[in-house]
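Chain by chain, the residues run as shown.
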Amino acid sequence: MEFQDTDIAAAAQALARVIDGHGGAPDLIAAAGRLLPFTAAFCVVNRKGQCPVYLCDTYPEGSAKEAVQLYARSTYLLNPVYNAILDGLPPGLYRMADLAPDNWNLSAEAAGVLAEDAEEIGYRTPGWPAGLQELTLLAELPVGAMGEISFARPAAEGGFPDDLQARLRPFLPLFAAAFRRLWSRHTDSPAPAEPERKLQDFARSTLSPREAEIVQLILKGHSSLSISLTLGIALPTVKTHRRNAYAKLGISTQQQLFNAFLHWQAKARQRS
């Protein structure tokens, strides 16, 4: 796929529509599509203390599009990109695989998340097309918000190597300007904010502070060794806390932990 001057012109026109106030989130994705090969994309705005704001997606109707909605209301809390944003990830272009923890690998019995050894982070939300690699464009927005466009491309077609990213990188300031314009229009008449079910709240009344901390890292995809290095505590201590936490939660496996977390998420949503 060669990069043509017509592609640059079309991308610029799509971004200009948004900056001028006439275009929307689909124009952001359309602009990227003239610069970068991808199969599908979704666009959201991440905010502190609230669920992401879904703007649009190009996934096919059916299970794939439903999977995007499931991500936006639930499994985003376990997503490497989202957690990196919470940790202060600056705007830019990022491969999801570069942000994933060392043990992002679940069994197929986990409710709401499917194990996929072929996936770059070891799992996918149910309905999400298999065998995709993801690239995320992040744009800084006012009041700590972060605009996100997530692109997906089959790993069999090469994913997103550096030379493809280089096509998009010079346009990042224009994407950021367009995202800010789009978001300013959205916040003129905001929808009621939905409180986020924070990962830190899960099993807080059941576990000790250290056990809860370790459970949160497990849910984010860290192995016991990674937790040991992250928290600066001995590996046997991590395993003891993990075993005690599982006993208090009435579970015995990591997959059951994810099942319990997603069940808690669903109940919390029903009460809100």
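Before reading further, recall that the structure is shown in the block above.
A quick note: this is a predicted structure, and the numbers were derived from the prediction, not measured.

What counts, and at which threshold
- Residues numbered from 1 in each chain as written.
- Predicted model: local features only at pLDDT ≥ 70, side-chain atom pairs only at ≥ 80, totals over all residues.
- Heavy atoms only, no water.
- Core = buried A, V, L, I, M, F, W, Y, C linked by side-chain atoms within 4.5 Å.
- Buried < 20%, exposed > 50% of the residue type's maximum accessible area, 1.4 Å probe, protein only.
- Helix = DSSP H or I, 4+ residues; strand = E, 2+ residues; numbered from the N terminus.
- Contact = heavy atoms within 4.5 Å.
- Polar contact = N/O pair within 3.5 Å; in protein donor to acceptor, adjacent residues only side chain to side chain.
- Pairing = 2+ DSSP bridges.
- Axes fitted to C-alpha atoms, helices over the stretch in contact; angles between N-to-C directions.
- Expected span 1.5 Å × (residues − 1).
- Arc of directions from axis to C-beta.

S.K.: When you look at the nonpolar core in this model, what are you seeing that I'm missing?
M.R.: Within soluble globular proteins, side chains that are nonpolar generally end up buried alongside one another. Core analysis: the largest hydrophobic core is formed by 36 residues, its most contacted members being Leu28, Ile149, Phe151, Leu168 and Phe175. Listing elements by their share of this core, those giving two or more residues are helix H1 (5-19), helix H2 (25-33), strand S1 (40-47), strand S2 (50-57), strand S6 (132-140), strand S7 (146-154), helix H6 (162-168) and helix H7 (172-186). Filtering out sequence-adjacent residues up to four positions away, Phe151 remains in contact with Ala32, Leu36, Phe38, Ala40, Ala41, Gln133, Glu134, Leu135, Leu137, Phe160 and Leu168. One finds Phe42, Val68, Leu132 and Ala245 within the second-largest nonpolar core, a separate group that totals 35 residues.

S.K.: Mind showing me how you'd approach the environment of Ala155 here?
M.R.: Examined against the element boundaries, Ala155 turns out to sit in the loop between S7 and H6. The exposure class assigned to Ala155 is partly exposed, which follows from its relative accessible area of 33%. Along the primary structure Ala155 and Glu134 are separated by 21 residues, whereas in three dimensions their C-alpha atoms are 9.1 Å apart. Those residues in contact with Ala155, other than ones at most four positions away along the chain, are Gly131, Leu132 and Gln133.

S.K.: Explain the side chain of Ser228 to me, please; I cannot follow it from the model alone.
M.R.: Within the secondary structure layout, Ser228 lies in helix H9 (residues 224-231). Of the residues examined, Ser228 reaches a relative accessible area of 10% and is grouped as buried. From its side chain, Ser228 meets the backbone nitrogen of Leu235 in a polar contact 3.5 Å long.

S.K.: I keep staring at unusual backbone geometry and nothing clicks. Help me out?
M.R.: Note: most residues except glycine have negative phi, and most peptide bonds are trans. Positive phi, normally seen in glycine, also occurs at Val143, with a value near 60 degrees. One can find Val143 in the loop between S6 and S7. Relative accessible area serves as the criterion here: at 84%, Val143 is assigned to the exposed category. Located in the positive-phi region is Ala203, a residue other than glycine, with phi close to 60 degrees.

S.K.: Mind showing me how you'd approach the sheet that holds S7 here?
M.R.: Strands in a sheet are paired, the pairing made by backbone hydrogen bonds, and the direction either parallel or antiparallel. Across the sheet, which stays open at both edges, the five strands sit in the order S2-S1-S7-S6-S3 with antiparallel pairing between neighbours. Every interior strand has two partners, whereas the edge strands, S2 and strand S3 (92-95), have only one. When strand polarity is set aside, the average angle formed by the axes of neighbouring strands in this sheet is 25 degrees. As judged from the seven bridges shared by S1 and S7, these two strands associate in the antiparallel manner. By the bridge assignment, Val45 is partnered in S7 with Gly147. Strands S1, S2 and S7 of the sheet are contacted by H2, whose axis makes an angle of about 130 degrees with S1.

S.K.: Would you mind showing me how to read H1 here?
M.R.: With 15 residues, H1 should cover 21 Å at 1.5 Å per step; its first-to-last C-alpha distance of 21 Å lies within 8% of that length. If you check which residues of H1 are buried, you get Asp7, Ala10, Ala11, Ala14, Leu15 and Val18. Along H1, the residues classed as buried sweep out an arc of 130 degrees about the axis, all on the same side. Away from its buried face, by an angle of more than 90 degrees, H1 presents the exposed residues Asp5, Thr6 and Gln13.

Nothing here speaks to function; it is all geometry.
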